[in-house]
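Given next are the chains, with one letter for each unit.
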Amino acid sequence: MNIITKFQEIMAIQQNNVEASSGTLNPPVSDSELQKIENLLQESLPTEIKALYSFANGQNDDGNGIFFGDNFCRADEIIQQLEFSRSLIKPETKTIANPEQSEQLIRQIVDFYVGKAPKHKLFGLQKSWYKIAFECGPNRFGGPYIYASENTTEKERKILKIDFKELDNVSEIVKKLHELEQPTYKWDELNFVAYSNGKYEVERSAYDFDNQISFTSTPKNAIQKKYFHYKWLPIFSDGGGNYLGIDLDPDTKGKKGQVINFGRDEEDMFVLAQSLDDLFDKILVALRKAENGLLHSEGHLHETLKELANNQPGLGGASR
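Residues numbered from 1 in each chain as written. Predicted model: local features only at pLDDT ≥ 70, side-chain atom pairs only at ≥ 80, totals over all residues. Heavy atoms only, no water.

Engineer: Just to check I follow, could you spell out the overall build of the chain for this structure?
Structural biologist: For the chain, the helix and strand inventory stands at 8 helices and 11 strands. For 320 residues, the compact-globule estimate of 2.2 N^0.38 gives 20 Å, and the chain exceeds it by more than 25% at 26 Å. With the C-alpha coordinates of the chain rotated into their principal frame, the extents come out at 85 × 40 × 40 Å. For the chain, the residues scored as buried account for 45% of the 320 residues in total. Within the chain, contacts between residues separated by at least 24 positions form 64% of all contacts whose residues are at least 6 apart in sequence. Here the chain has roughly 16,900 Å² of accessible surface; of this, 46% comes from carbon and sulfur atoms. (Helix = DSSP H or I, 4+ residues; strand = E, 2+ residues; numbered from the N terminus. Rg over C-alpha atoms; globule rule 2.2 N^0.38 Å. Buried < 20%, exposed > 50% of the residue type's maximum accessible area, 1.4 Å probe, protein only. Contact = heavy atoms within 4.5 Å. Areas by Shrake-Rupley, 256 points an atom, 1.4 Å probe, with all protein chains shown as cover.)

Engineer: Honestly, the sheet that holds strand 8 (residues 232-237) in this entry has me stumped. Any pointers?
Structural biologist: Taken together, 6 strands build an open sheet; the order of strands is 1-8-9-10-11-7 and the sheet is mixed. Of all the strands in the sheet, just strand 1 (71-72) and strand 7 (216-218) have a single pairing partner and so form its edges. Docked against the sheet, helix 4 (residues 75-87) engages strand 1, strand 8 and strand 9 (242-247), running at close to 135° with respect to strand 8. (Pairing = 2+ DSSP bridges. Axes fitted to C-alpha atoms, helices over the stretch in contact; angles between N-to-C directions.)

Engineer: Help me understand the environment of Val-174 in this model?
Structural biologist: Secondary-structure assignment places Val-174 in helix 6 (residues 164-181). A sequence separation of 36 residues divides Val-174 from Pro-138, and the C-alpha atoms of the two residues are 6.1 Å apart. Ignoring any residue separated from it by four or fewer positions in sequence, one finds Val-174 in contact with Ile-109, Cys-136, Gly-137, Pro-138, Phe-141 and Trp-187.

Engineer: Explain the packing of aromatic side chains to me, please; I cannot follow it from the model alone.
Structural biologist: Aromatic ring pairs are defined here through the distance separating the ring centres and the angle between the ring planes. All chains considered together, the criterion is met by 17 aromatic pairs. Plain terms: the ring middles of Phe-7 and Phe-72 are 5.3 Å apart, the flat faces sit at 75° to each other, and that makes the pair edge-to-face. In this pair, Phe-7 sits in helix 1 (residues 3-17) while Phe-72 sits in strand 1, placing the two residues 65 residues apart along the sequence. Through a chain of ring-to-ring contacts, three or more aromatic side chains come together here, namely Phe-7, Tyr-53, Phe-67, Phe-68, Phe-72, Phe-236 and Phe-280. Here the basic side chain of Arg-86 rests over the ring of Tyr-230, its NZ or CZ set 4.6 Å away from the ring centre. Between the NZ or CZ atom of Arg-157 and the centre of the ring of Tyr-145, over which it lies, the distance is 3.6 Å. (Phe/Tyr/Trp six-rings, centres within 6.5 Å; stacked < 30°, edge-to-face > 60°. Lys NZ or Arg CZ within 6 Å of the ring centre and 35° of its normal.)

Engineer: What should I look at first to understand the sheet that holds strand 3 (residues 140-147) in this one?
Structural biologist: Sheet strands line up and pair through hydrogen bonds in the backbone, either parallel or antiparallel. As summarised here, the arrangement of the 5 strands in space is 4-3-2-5-6, forming an open sheet in which the pairing is antiparallel. Whereas interior strands pair on both sides, the edge strands pair on one side only; in this sheet they are strand 4 (158-159) and strand 6 (200-205). Here strand 3 pairs with strand 4 via 2 bridges, running antiparallel. In the sheet register, Ile-146 faces strand 4, and the bridge partner there is Lys-158. The sheet contacts of helix 5 (residues 99-115) involve strand 2 (131-137), strand 3, strand 5 (189-195) and strand 6, and relative to strand 6 the element is tilted by about 115°.

Structure (structure tokens):
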């Protein structure tokens, strides 16, 4: 039985046993979409994935997810997710490719905030503050905070109120700077300190997506401990930023092509099967039993599959 026949049988069993309507399959994927996915992965797709997507390019948005409530991802969704994952890669050597152009934009950002600072009553010739601290990124702003003197603490500082409409102007400058520097630096946020004497400091910082939470891998050292990875190919999605997919860059004790759970809420990483074909085999074995946790489970599918993997060691290996 090939992977398409197995997938069809899994869908047929669901349709015969679950009242809720599920989505329908899309026509096969195009060669150009497959090529774009391979370019993003920087390697060829597994044969079983090519076969599955040559049968259907994911599902439409009608009804529930076709895979026990999870959606079967379309090629454009896969491409979008892989592009996002690649955007998280930080260059080993960070450089500012166009320092003069960057400095001009940074100066404009500083001038905007300094221009909103209070002026001294005496003709505005003397500043009534020591420094301003603020953060900004392509999609967020923090502060600005006014420090009255060198000895002002964070508890004593005051917030400088700026109209949200006025932030639109500086937001465009920040986005230009971000686009300019991303190819060689990839920062996520700028941290500024502007002093009343005209000097200023700026620090570029990046979010650490790999170490913000304590990940686990089951089996141990089988999966790299990350939120996302550009060599993790999403196949099924819960619609909330979490996926079941193919791991093409496993950790030291993993196997290339293994099926894993990953995403923004997945702290407990799990090898669910050694391949998608293998996962379908194990699911069919479970579905043919009188009692199984797949068809009428009220829990999250990814957790149900972890339990299935624990109960069937061949599904992924349950040793910790």
